[in-house]
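Take a look at the letters that make up each chain.
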Amino acid sequence: MAKEKKKIINDFGGIMYSTDPSFVYEEETIANDEPISNAQQDLRVTLDKKNRGGKAVTLITGFRGGDEKLMDLAKMLKTKCGVGGAAKDGEILIQGDFRDKVILILQKEEFKVKKSGG
């Protein structure tokens, strides 16, 4: 179950308070029915060692899509690399330094991929 994001002022379009007792704030609904194709995804692959006890992980960021698709992509990458990892908050963690291998796998799946950092 996804954690609900805390609302901030920008989420209300600048309306902070109204003295009108009949005022009802209307939330905008964003239609996200169309899935984003792999070619439209712009993924970044980096090596991350921060807050991990000196152990390196390959971090894939920039994924746009549902949690289910993120989990499927993470599972496929973990299987092909033969290691563990995790997927949450639009990021995929692969244990170890597998940047080059992950980039090749994602390019075969027709994602736009860039190696960033290091």
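As a reminder, the structure under discussion sits directly above these lines.
Presented here is an overview of the structure given in this document.

### Describing the pattern of salt bridges
For the structure shown, the criterion picks out four salt bridges. Residue Asp97 pairs with Arg99 through a salt bridge whose shortest N-O separation is 3.1 Å.

### A short note on the pairing of strand S3 (residues 85-88)
In this sheet, strand S4 (residues 91-95) lies alongside S3 in antiparallel orientation, the contact comprising four bridges. Across the sheet, residue Ala86 finds its bridge partner in S4, namely Leu93.

### Observations regarding helix H1 (residues 67-81)
Between its first and last C-alpha, H1 extends 21 Å over 15 residues, near the 21 Å set by a 1.5 Å rise per residue. Taken together, the buried positions of H1 are Leu70, Leu73, Ala74, Met76, Leu77 and Cys81. For H1, the angular spread of the buried residues around the axis is 160 degrees, confining them to a single face. Away from its buried face, by an angle of more than 90 degrees, H1 presents the exposed residues Glu68, Lys75 and Thr79.

### Things to note about the side chain of Thr58
Within the secondary structure, Thr58 sits in strand S2 (residues 57-61). A polar contact of 2.8 Å, which involves the side chain of Thr58, links it to the backbone nitrogen of Phe98.

### Topic: the nonpolar core
Ranked by size, the top nonpolar core spans 19 residues in total, and within it Ile60, Leu73, Leu77, Ile92 and Leu106 carry the most contacts. Looking at this core, the elements that each hand over two or more residues are strand S1 (42-48), H1, S4 and helix H2 (99-108). At six residues, H1 tops the list of elements feeding residues into this core. The residues touching Ile60, leaving out its near neighbours within four places in the chain, are Leu43, Arg44, Val45, Leu77, Gly90, Glu91, Ile92, Ile94, Val102 and Leu106.

### Focus: the side chain of Arg99
With respect to the element layout, Arg99 can be found in helix H2. Of note is the side chain of Arg99, whose polar atom sits 3.1 Å from the side chain of Asp97.

### Some words on the packing of H1 against H2
Viewed as axis vectors pointing N to C, H1 and H2 meet at an angle of 125 degrees, and their least axial separation amounts to 11 Å. When the axes of H1 and H2 are compared, the pair comes out oblique. In terms of crossing hand, the pair formed by H1 and H2 is right-handed. Each of Leu73, Met76, Leu77, Lys80 and Cys81 in H1 lies in contact with H2, whose residues at this interface are Lys101, Val102, Ile105 and Leu106. The class makeup of the residues in the contact of H1 with H2 is seven nonpolar, no polar and two charged.

The rules behind these values
Residue indices begin from 1 for each chain and proceed along its sequence in written order. Thresholds applied to this predicted model are a pLDDT of at least 70 for local features of residues and 80 or more for the giving and counting of side-chain atom pairs; totals over whole chains, interfaces and linings are not thresholded and use all residues. Here the side-chain values reflect all heavy atoms present in the structure, with hydrogen atoms and water set aside. By convention in these notes, a salt bridge is any Lys or Arg side-chain nitrogen within 4 Å of a carboxyl oxygen on Asp or Glu. Only strands joined by at least two bridges in the DSSP assignment are considered to pair. For the purposes of this entry, the term helix denotes a DSSP run of H or I that reaches at least four residues, the term strand denotes a run of E that reaches at least two, and both are numbered from the N terminus. The span expected for a helix works out to 1.5 Å for each residue beyond the first. Categorising residues by exposure relies on relative accessible area from a 1.4 Å probe, with only protein chains included: less than 20% of the type maximum marks a residue as buried, more than 50% marks it as exposed, and the intermediate range marks it as partly exposed. Each direction from the helix axis to a C-beta atom contributes to the arc, which is the arc of those directions. Each polar contact in these results corresponds to two N or O atoms within 3.5 Å; when the atoms are within protein, one needs to be able to donate a hydrogen and the other to accept it, and residues that are neighboring in sequence are counted only if both atoms are side-chain atoms. We call a set of buried residues a nonpolar core when its members are Ala, Val, Leu, Ile, Met, Phe, Trp, Tyr or Cys and they connect through side-chain atoms within 4.5 Å of each other. Throughout, a residue-residue contact means that at least one pair of heavy atoms, one from each residue, lies within 4.5 Å. To get an axis, a line is fitted to the C-alpha atoms, and for a helix only the part in contact is used. The angle between two axes follows their N-to-C directions and goes from 0 to 180 degrees. We call two directions roughly parallel when the angle between them is under 35 degrees, roughly antiparallel when it is over 145, roughly perpendicular when it lies between 65 and 115, and oblique otherwise. Take the far helix as the reference: if the near one is turned anticlockwise from it by less than a right angle, the crossing is left-handed, and if turned clockwise, right-handed. Each residue gets one of three labels, nonpolar for Ala, Val, Leu, Ile, Met, Phe, Trp, Tyr, Cys and Pro, charged for Asp, Glu, Lys and Arg, and polar for the others, Gly among them.

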